[in-house]
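Spelled out from the first residue to the last, the chains are:
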Amino acid sequence: MVSVINTVDTSHEDMIHDAQMDYYGTRLATCSSDRSVKIFDVRNGGQILIADLRGHEGPVWQVAWAHPMYGNILASCSYDRKVIIWKEENGTWEKTHEHTGHDSSVNSVCWAPHDYGLILACGSSDGAISLLTYTGEGQWDVKKINNAHTIGCNAVSWAPAVVPGSLIDQPSGQKPNYIKKFASGGCDNLIKLWKEEEDGQWKEEQKLEAHSDWVRDVAWAPSIGLPTSTIASCSQDGRVFVWTCDDASSNTWSPKLLHKFNDVVWHVSWSITANILAVSGGDNKVTLWKESVDGQWVCISDVNKGQGSVSASVTESQQNEQ
Amino acid sequence: MEKMSRVTTALSSSALTGHTMHCHLDAPANAISVCRDAAQVVVAGRSIFKIYAIEEEQFVEKLNLRVGRKPSLNLSCADVVWHQMDENLLATAATNGVVVTWNLGRPSRNKQDQLFTEHKRTVNKVCFHPSEAHVLLSGSQDGFMKCFDLRRKDSVSTFSGQSESVRDVQFSIRDYFTFASTFENGNVQLWDIRRPDRCERMFTAHNGPVFCCDWHPEDRGWLATGGRDKMVKVWDMTTQRAKEVHCVQTIASVARVKWRPECRHHLATCSMMVDHNIYVWDVRRPFVPAAMFEEHRDVTTGIAWRHPHDPSFLLSGSKDSTLCQHLFRDASQPVERANPEGLCYGLFGDLAFAAKESLVAAESGRKPYAGDRRHPIFFKRKLDPAEPFAGLASSALSVFEMEPGSGSMSWFVDTAERYALAGRPLAELCDHNSKVARELGRNQVAQTWTMLRIIYCSPGLVPTTNLNHSVGKGSSCGLPLMNSFNLKDMAQGLGSETRLDRSKGDTRSDTVLLDSSATLITNEDNEETEGSDVPADYLLGDAEGEDDELYLLDPDHAHTEEPEYVLPQEAFPLRHEIVDTPPGPENLQDKADSPHVSGSEADVASLAPMDSSFSLVSVSHALYDSRLPPDFFSALVCDMLRFYAEQGDVQMAVSVLIVLGERVRKDIDEQTQEHWYASYIDLLQRFCLWNVSNQVVKLSTSRAISCLNQASTTLHVNCSHCKRPMSSRGWVCDRCHRCASMCAVCHHVVKGLFVWCQGCSHGGHLQHIMKWLEGSSHCPAGCGHLCEYS
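Residues numbered from 1 in each chain as written. Chains lettered and ligands numbered in written order. Predicted model: local features only at pLDDT ≥ 70, side-chain atom pairs only at ≥ 80, totals over all residues. Heavy atoms only, no water.

A.B. asks: Hey, could you run me through the overall build of chain A in this one?
C.D. replies: The helix and strand inventory of chain A stands at 1 helix and 26 strands. Taken over 322 residues, chain A has a buried fraction of 60%. Taking as baseline every contact in chain A between residues at least 6 positions apart, the subset at least 24 positions apart corresponds to 43%. Surface summary for chain A: the accessible area is close to 12400 Å², and the carbon and sulfur share equals 44%. (Helix = DSSP H or I, 4+ residues; strand = E, 2+ residues; numbered from the N terminus. Buried < 20%, exposed > 50% of the residue type's maximum accessible area, 1.4 Å probe, protein only. Contact = heavy atoms within 4.5 Å. Areas by Shrake-Rupley, 256 points an atom, 1.4 Å probe, with all protein chains shown as cover.)

A.B. asks: Looking at this model, I keep getting lost on the pattern of salt bridges. Mind explaining?
C.D. replies: Pairing between side chains of opposite charge can happen when their charged atoms approach one another. Throughout the structure, instances matching the rule amount to 33 salt bridges over all chains. For Lys230 of chain B, the salt bridge identified is with Glu57 of chain A, shortest N-O distance 2.8 Å. A residue pair is termed interchain when its members come from two chains, as with Lys230 of chain B in the loop between strand 19 (222-227) and strand 20 (231-236) and Glu57 of chain A in the loop between strand 5 (48-54) and strand 6 (60-65). Given a relative accessible area of 26%, Lys230 of chain B falls into the partly exposed group. As a salt-bridge pair, Asp431 of chain B and Arg453 of chain B come within 2.9 Å of each other at their nearest N and O atoms. (Salt bridge = Lys/Arg side-chain N within 4 Å of Asp/Glu carboxyl O.)

A.B. asks: Where do I start with the pairing of strand 23 (residues 276-281) of chain A in this structure?
C.D. replies: When a strand is regular, its side chains alternate between the sheet's two faces. All names here are of chain A. In terms of residue burial, strand 23 counts as a mostly covered element, since 6 of its 6 residues are buried. The alternating pattern of strand 23 places Ile276, Ala278 and Ser280 and Leu277, Val279 and Gly281 on opposite faces, both of which are buried. With 5 bridges connecting them, strand 22 (residues 265-270) and strand 23 associate as antiparallel partners. Within the sheet, the bridge partner assigned to Val265 lies in strand 23 and is Gly281. Connecting strand 22 to the antiparallel partner strand 23 that follows it, the hairpin turn spans 5 residues, and Ala274 within it adopts a positive phi of roughly 60°. (Pairing = 2+ DSSP bridges.)

A.B. asks: Mind showing me how you'd approach helix 5 (residues 426-439) of chain B here?
C.D. replies: Every α-helix winds through 3.6 residues per turn, so residues three or four apart in the chain are directed the same way. All names here are of chain B. Over its 14 residues, helix 5 extends 20 Å from the first C-alpha to the last, a length consistent with the 20 Å expected when each residue adds 1.5 Å. Looking only at helix 5, the buried set comprises Leu426, Leu429, Cys430, Asn433, Ser434, Val436 and Ala437. Seen along its axis, helix 5 keeps its buried residues to an arc of 160°; they face one direction. In this structure, the buried side of helix 5 is in contact with helix 4 (410-418), helix 6 (443-456), helix 15 (650-660) and helix 16 (662-665). Backbone geometry just after helix 5 places Gly441 at a positive phi near 75°. (Expected span 1.5 Å × (residues − 1). Arc of directions from axis to C-beta.)

A.B. asks: What am I meant to see in the side chain of Gln189 of chain B here?
C.D. replies: Following the sequence through the fold, Gln189 of chain B ends up in strand 16 (residues 187-192). Looking at Gln189 of chain B, its side chain comes within polar contact range of the main-chain oxygen of Gly161 of chain B, at 3.0 Å. (Polar contact = N/O pair within 3.5 Å; in protein donor to acceptor, adjacent residues only side chain to side chain.)

In structure tokens:
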């Protein structure tokens, strides 16, 4: 089911905290405690170091690629309380912006869907979430949600772009009136959903409670033809929940426990068609989950560090599929 | 010194206990120092000089050393130090350059002992000799260091750094005569106390001022220095030239550095500005602090480990006027909070996973310190939370590949490239796509295409006119219930997901009054004989009557009512066998009961809410064919599309939508379609399938989608001769009256695809230029430019 095709020699000097592939799946950005961000070309199973970005003064926790329509842009956030936005110009990567608005470690960055323009959400240990919007000519507008999560925010994830009503109904020539939303997870064990009001202010729309310890990651599923909204969350308590909201108007979210692991679950990541969820836990394992026909989540594969292994349920679920 | 530490240890042989706690001071602190009994701490500042007892639960003020009504500037302390041998002896460094010693043993209220007014500017640091009771060293802003013998009134010797201000002076713990001093110009000097004329050695340690230094309590050669350049460096002084053995990057300038007792590689730092936290670093892991104390709200000015052999208690004073005791176990540990794993789902279904490599190795790498046995003391080492992080952590990053069928997206690319979406008859398209899907091992999809073909392209089914569109409209709802079926009977043998429930109570607004038991049978027979994949649940079609009759009758009663049964989500039959229809009689019986057995396929066909105009003519055609009308299936087809979309296969949904075109489009609301199109196009673009994406945009019927292609379509052309913009249409330049776009190879005007070199602007027919450049690298126009076609 799963096999290692490539072990990337990152030559990072300390732990790697995040690895992100770009929009076209050709480049991989990694960040590490050693303060550096590295970009590799991983086409055809290769691993060519393209850039080694230095500028942070502390461990770099997360990186995020912007949509390529804005150029090659990468954001990184660090323990040094900074968010740096890097841009490739004529083949060289350089810092284009540095955001220093947080009072503590910045733990998560996430770019908004490209339809909204260049907007970056940053979640920090100071409990605040800041939203950087590119206003042109090197200027970034900052909005800050203070006390979004007490003790700290660990993860942010944008909802896919959804337009209320059909595109057709929009007055022509105007930008469609998007409803911007994102989810955040924090040390208060909560997942919060945020929505931009008409006056441009961000308001807490919903609080999702189910975890009993810090929420480590949230991932809003890409909406590929789906009418429902789905969010996956994982926590220090070892549990992974999949939240769904069938009816956007009532905005009620129901959690479904995907699995309870024995260790901290650090990451959840959706496949681009949103039908497979990858979960990585404290035991250095990645498991892949798929919703079966009867609505249950089944593990279709687990990947141990360095080697792939197939679990028995794989064949089952494949059969179900066909 | 060895002896010294033993003595100290013996004195406090009972384990220290306490909590993380703090107390409010009246004024900001500049420095703190701990008494050797580890039970008292002195806090000094510009307007504070007090001794606090450290009790189990709290700090208790024991003594205020600022006495007198008018405190002199001598009491404005920049630094304070408590003698590590004599519990009654303290020294302070005043901002006016005075060095004061204090004797707590004095009976009077004023404990001031001696006053040395030799420095001209602020004294930054005072330091007692670790083993010599009467020797005191001071370092001042005026650039001099002075050594005092407390038994004498003046300094014994003066050391000139020959440079700017002295920021710190520290006696070596191991070498009796040695002390280190740090300077604002970035230098560190090593002095022999017996030789005031010149320093033993000097080296540049930092870029910018070196604010502090600290000798390692055990390792005689190690000196830690901290500077404004935000770095802490550990030097090995035993070698000929001072060698940098470790370097820690903090996030702010380093104001104080103190080695952690009993932890060979740990040191605590605090900063001079910006950052109010105290960090404990493992010097071998220079990027992440091992622990962090976040209690202070303003700059931390003084830090001191409470006991020279207890690594768990740290005291600190701050500009926020508080004195804190920190317990190591209460510290926040950024390493613990740090995410040790990175995970990313790649576009092609590949998975990048970075995980900490040495989770186990770090555990077993825990080793006892050399100093352990010599000091069998109170501290339980196992509790030390810092040790597991010893050594550098590293991560392994692997990229995993999904094998086809599970999560890999290769099918998507293949399918997208090979599907035929238009330009051929429907049947061929379906067949082709079915074949593609089958070749890719996607049997379910292949089956679906086949079924679509059967549904929509039966041989006799001619495209129907829209004659009846108006007919279907405008009818009223609420017609009497005529007949109803219970499909459950018929669904036997089908997978549960194919069940199509229809309750008896369904309102059927049947209009055509026909008695067609016979036809019904015929119909069912036909179904069977055809051997098609058409699901049996559609057999309810009770296809009655001759079409003309139907046709005649319908206008009066056609209805637009929505069907009231709901398909289960997975309603689409995944794999059908031909199902034997239930015995006719039962069904007939059923129908016979109702007075009007009628053409309910009409409503079946109008499943989607938007559909108010369906073709009844097609019904009749279908009947000619002994088949059901395609419209009859549209609801199911729509559900199938939704099913695929929900499964993450929006490709199928869009492809079917395009191939079937008008046949189903009206049954799916515009917004959903747009959403599918947008999702699919987005996916195609991510996979760089520009041509397919463009085709989809072109074939889409949704206005919002097709206008995607109409953005930025303007092409600005300049004349290749006079280089002016071509204002008029056509290929002749107004200015130079020559044909602008001549092919450099055949010298004809190029209409259609024109390729030109961006370097020399010559070009021509794509084919010609390509062919030319195969044989030559020069421009065909003869301009000498080396053109390249890529």
